[in-house]
Amino acid sequence: MAKIPHRLYLTEEQMPKQWYNLRADMKEQPDPLLNPGTLQPITEPELYPIFCEALAHQELDSTERYVDIPEEVQEMYKVYRPSPLIRAYNLEKALDTPAKIYYKFEGNNTSGSHKLNSAIAQAYYAKAQGVTRLTTETGAGQWGTALSEACSYFGLDLDVFMVKVSYEQKPFRKAVMQVFDANVTPSPSMTTEIGRKILEENPGTGGSLGCAISEAVEKATTSENCRYVLGSVLNQVLLHQSIIGLESKIAMEQLGEYPDVVIGCAGGGSNLGGLIAPFMQDKLLGRANPRIVAVEPASCPSLTRGRYAYDFCDTGKVTPMARMYTLGSGFMPAPNHAGGLRYHGMSPILSKLYHDGYMEAVSVTQTDVFDAAVQFAKKETILPAPESAHAIRAAIDEALRCKESGEAKTILFGLTGTGYFDMTAYNAYLDGSMKNHIPDDAELQRGFDTLPDIPQNK
Ligand SMILES: *Cc1c(COP(=O)(O)O)cnc(C)c1O
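Throughout this document, residue positions are counted from 1 along each chain, in the order its sequence is written. Totals for whole chains, interfaces and linings use every residue, but because this is a predicted model, local features are given only for residues with pLDDT of at least 70 and side-chain atom pairs only at 80 or more, for both listing and counting. Neither water nor hydrogens contribute to the side-chain values; these are computed over all heavy atoms in the structure.

Remarks on the overall build of the chain
Keep this limit in mind: To qualify as a helix, a DSSP run of H or I must reach at least 4 residues; to qualify as a strand, a run of E must reach at least 2; elements of each kind are numbered from the N terminus. In this treatment the radius of gyration is a C-alpha quantity, and the globule benchmark scales as 2.2 Å times the residue count to the 0.38 power. Accessible area is worked out with a 1.4 Å probe on protein chains only. A residue is then buried under 20% of its type maximum, exposed over 50%, and partly exposed in between. For this analysis, residues touch if any pair of their heavy atoms sits within 4.5 Å. Surface exposure here means Shrake-Rupley accessible area, sampled with a 1.4 Å probe, where a residue is shielded only by the protein chains that are shown. In this count, Lys and Arg are taken as positive residues and Asp and Glu as negative ones, while His and the chain termini are left out. Every charge is mapped to an atom, namely NZ of Lys, CZ of Arg, CG of Asp or CD of Glu.
Secondary structure summary: the chain contains 18 helices and 15 strands in total. Taking 2.2 N^0.38 as the reference for a compact globule, 458 residues should give roughly 23 Å; the C-alpha atoms of the chain span a radius of gyration of 21 Å, in line with that estimate. By principal-axis analysis of the C-alpha atoms, the chain measures approximately 65 × 50 × 50 Å. Expressed as a percentage of its 458 residues, the buried residues of the chain come to 62%. Long-range contacts, defined here as pairs at least 24 residues apart, represent 76% of the contacts in the chain between residues at least 6 apart. As displayed, the chain offers around 17300 Å² of accessible surface, 50% of which is attributable to carbon and sulfur atoms. Counting 42 positive and 55 negative side-chain charges, the chain places the averaged centre of each group 4 Å from the other.

Overview of the layout of surface pockets
Gaps left between atoms show up when a probe the size of a water molecule is rolled over them. What counts here: In this analysis a 1.4 Å probe is tested at points of a 1 Å grid over the protein atoms alone, and where it fits but cannot get out there is a cavity; an open set with protein on both sides within 12 Å along at least five of seven lines is a pocket; lining residues have an atom within 4 Å of a point. Grid points are joined across faces, edges and corners, and a volume is the space filled by probe spheres set on the points. For this classification, Asp, Glu, Lys and Arg are treated as charged, while Ala, Val, Leu, Ile, Met, Phe, Trp, Tyr, Cys and Pro are nonpolar and the rest, including Gly, are polar.
The calculated volume of the largest pocket comes to roughly 810 Å³. As for the largest pocket, its lining consists of 33 residues, of which Val165, Ser166, Gln169, Asn336 and Arg342 are closest to the centre. Elements supplying a minimum of two residues to the lining of the largest pocket: α7 (164-169), α8 (171-179), α10 (209-222) and α17 (423-430). Grouping the amino acids of the lining of the largest pocket by side-chain chemistry returns 15 nonpolar, 13 polar and 5 charged.

Brief notes about the site of the ligand
Put simply, the rule reads: Being near a molecule or strand, for a residue, means having at least one of its heavy atoms within 4 Å of it. Counting of polar contacts relies on pairs of N or O atoms within 3.5 Å, with two restrictions inside protein: one atom must be capable of donating a hydrogen and the other of accepting it, and residues adjacent in sequence are counted only when both atoms are side-chain atoms. Placement in a cavity or pocket follows one criterion, namely that more than half of the molecule's atoms lie within 2 Å of its grid points.
Around the ligand there are 18 residues in total, and Lys115, Ser232, Gly267, Ser270 and Thr416 lie nearest to it. Between the ligand and the protein, one listed contact pairs an oxygen atom with a backbone N or O atom of Gly269 at 2.8 Å. Within the side chain of Ser270, one N or O atom sits 2.7 Å away from an oxygen atom of the ligand. For the ligand, the protein covers 98% of the area, taking 380 Å² as the surface of the free molecule. With respect to the detected pockets, the ligand is housed in the largest cavity. Taken together, the residues of the shell around the ligand break down into 4 nonpolar, 12 polar and 2 charged.

Some points on the sheet that holds strand β7 (residues 157-163)
Under the convention used in this document: DSSP-based pairing: two strands are paired if at least 2 bridges between them are found. Axis definition: a line fitted to C-alpha atoms, over the contacting stretch in the case of helices. Angles run 0 to 180 degrees between N-to-C directions.
Read from one edge of the open sheet, 4 strands run β8-β7-β6-β9, paired in parallel fashion. Unpaired on one side and paired on the other, β8 (183-187) and β9 (226-228) mark the two borders of the sheet. The sheet shows a mean angle of 25 degrees between the axes of neighbouring strands, direction not considered. Pairing of strand β6 (residues 133-138) with β7, which is carried by 6 bridges, proceeds in the parallel orientation. If you follow Thr136 over to β7, its bridge partner there is Val160. Strands in contact with α10 are β6, β7, β8 and β9; relative to β6, the strand with the most contacts, it is inclined by about 170 degrees.

What about the domain arrangement of the chain?
Applicable threshold: All domain edges in this entry derive from an automatic or database-based domain assignment. Accessible surface is computed with a 1.4 Å probe, and the buried area is the amount of it that two parts give up when combined, taken over both parts together.
With domains assigned, the chain is organised as domain 1 (29-68 + 115-228) and domain 2 (81-112 + 235-452). Between the C-alpha centres of domain 1 and domain 2 there is a distance of 23 Å. Listed as interface residues are 43 residues of domain 1 and, on the opposing side, 38 residues of domain 2. Regarding the contact of domain 1 and domain 2, the summed buried area is about 3300 Å², with carbon and sulfur atoms giving 58% of it. Taken as a group, Asp31, Glu59 and Asn117 account for 17% of the area that domain 1 buries against domain 2, more than any other trio of residues on that side.

What to know about the pairing of β6
Definition in use: Whether a crossover is right-handed depends on one test, that the path from the first strand over the helix to the second runs clockwise when the strands point away from the viewer.
Of all 6 residues that make up β6, 5 are buried, and the element is covered over most of its length. Handedness of the crossover joining β6 and β7 through helix α6 (residues 142-154) is recorded here as right-handed.

Focus: the environment of Tyr125
Position of Tyr125 relative to the elements: it lies in helix α5 (residues 116-129). Tyr125 sits in the buried class, given a relative accessible area of 12%. Ignoring anything within four residues of it in the chain, the contact list for Tyr125 reads Trp19, Cys52, Ala54, Leu55, Gln58, Asp68, Pro70 and His240. Of the polar contacts made by the side chain of Tyr125, one reaches the side chain of Gln58; its length is 3.2 Å.

Focus: the sheet that holds strand β10 (residues 261-265)
Working definition: the strands of a sheet are paired by backbone hydrogen bonds and lie parallel or antiparallel to each other. In spatial order, the strands read β1-β4-β5-β15-β10-β11-β14; together these 7 strands make up an open sheet with mixed pairing. Looking along the sheet, the strands with just one partner apiece sit at the ends: β1 (7-8) and β14 (360-364). The sheet contact formed by strand β5 (residues 100-105) and strand β15 (residues 410-415) spans 6 bridges and is parallel. Each bridged residue has a counterpart across the sheet, and for Phe105 the counterpart in β15 is Leu415. Each of β1, β4 (85-87), β5 and β15 is contacted by helix α11 (residues 235-254), which is oriented at about 140 degrees to β5, the strand it contacts most.

Concerning α11
Note the cut-off: To estimate how far a helix should extend, the number of its residues minus one is multiplied by 1.5 Å. Bend at a given residue is defined as the angle between two axes, one fitted to the seven residues that end at that position and one fitted to the seven that begin there.
The end-to-end C-alpha distance of α11 is 29 Å, a good match for the 28 Å that 20 residues give at a rise of 1.5 Å each. At Gln241, α11 shows its strongest bend, of approximately 30 degrees. Positive backbone phi, approximately 70 degrees, marks Gly256, located one or two places after α11.

Here we look at helix α12 (residues 270-284)
Maximal helix bending in α12 amounts to about 55 degrees, located at Ala277; proline Pro278 follows within four positions. Gly286 sits one or two residues past α12 and shows a positive phi near 75 degrees.

So, in structure tokens, the structure goes:
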């Protein structure tokens, strides 16, 4: 048999023309989003002030299995996709493992991550509806960058509320967004009511993702022809990210391979939800039984130590409530270098699958993650994003267990992006100043105390 190539790219012809909606194959559905005012399941029209109509529909659609990817979106995808499926021969050799390690690399675009896959879709639907302006938040900056690219491509104005600490620490991220004409504001800001209120109560605050979301939603609902978009957590985002898993599955089939284990890092759950989608489908339909593993930071452990409860998606409590694994919208994670994994909650779809036992979760500490990142970079020549390195850590650990047991498992993990804007983190790791923080139960309790006190949470 011919040796499996190092990198496999699908042809444009072989690229998926439809996204896959995992909910269509879930026997038990995630609990519905609730209107925070009435505590009733939210309806599509109730979402229209926040999301454009096509996206509001996708958010609540649990039955349509395959959704056509609009031509215009496919055209833009082809500029940077398909992304390669890579066989980590060098890493396997270094680990001396019988395991076969594959990774799907999503960092080959200017945003440096998978986030562009959903940004393009969300900007497209907004444009198609005649919306002229979008608002969003960004923490580490990848989502803001991705959306800036997409808005510039489709000719939409964009306001990005960037968590103030990131705004100050990552001036180059801001500059990239400005290349694509985005209007970037550090959050909390004086430009919104909620921002002014937060600043009044806490003038020195460095901001948080939840707070930036509140500002972006306020701006969207108070500006003309403007909608809000979010880069993770939502069902619509997982739908768009299914392109990652669909491409991976087609590529593996061509190689005559199927993963025994699928591993991804989990912040809000969008890359993981996208990567696992077609494999989870096989599992739900009884066609195969791969293990699915979510990897999260020990400093922000929503799946491994969170509560499965209804919660707000933002600090200002203006968004619909979702039932998910959460640390509470008031949870303030310790400064962590994997900024994209510091969200308090987790995708309701993944939360449900985890709750029902279809998925495992592990948490890892920062220094262990960077050990893996550096080991990987040296062998595979890609400098991984700290977020992505969580998946690398778990993949290496799995491969080392295979070495012990002699099992030649096939491992697939998601390499979500590159780490060029995270050199402060790499510096901290290299000079030995990086700290691991694992919250104690009392610290987590303070977050749980902010969960909404509603009958559904009793
Ligand atoms: C945002 C981000 C993540 C985490 O977000 P998910 O929605 O959980 O996928 C992971 N990796 C990179 C590179 C990111 O930018």
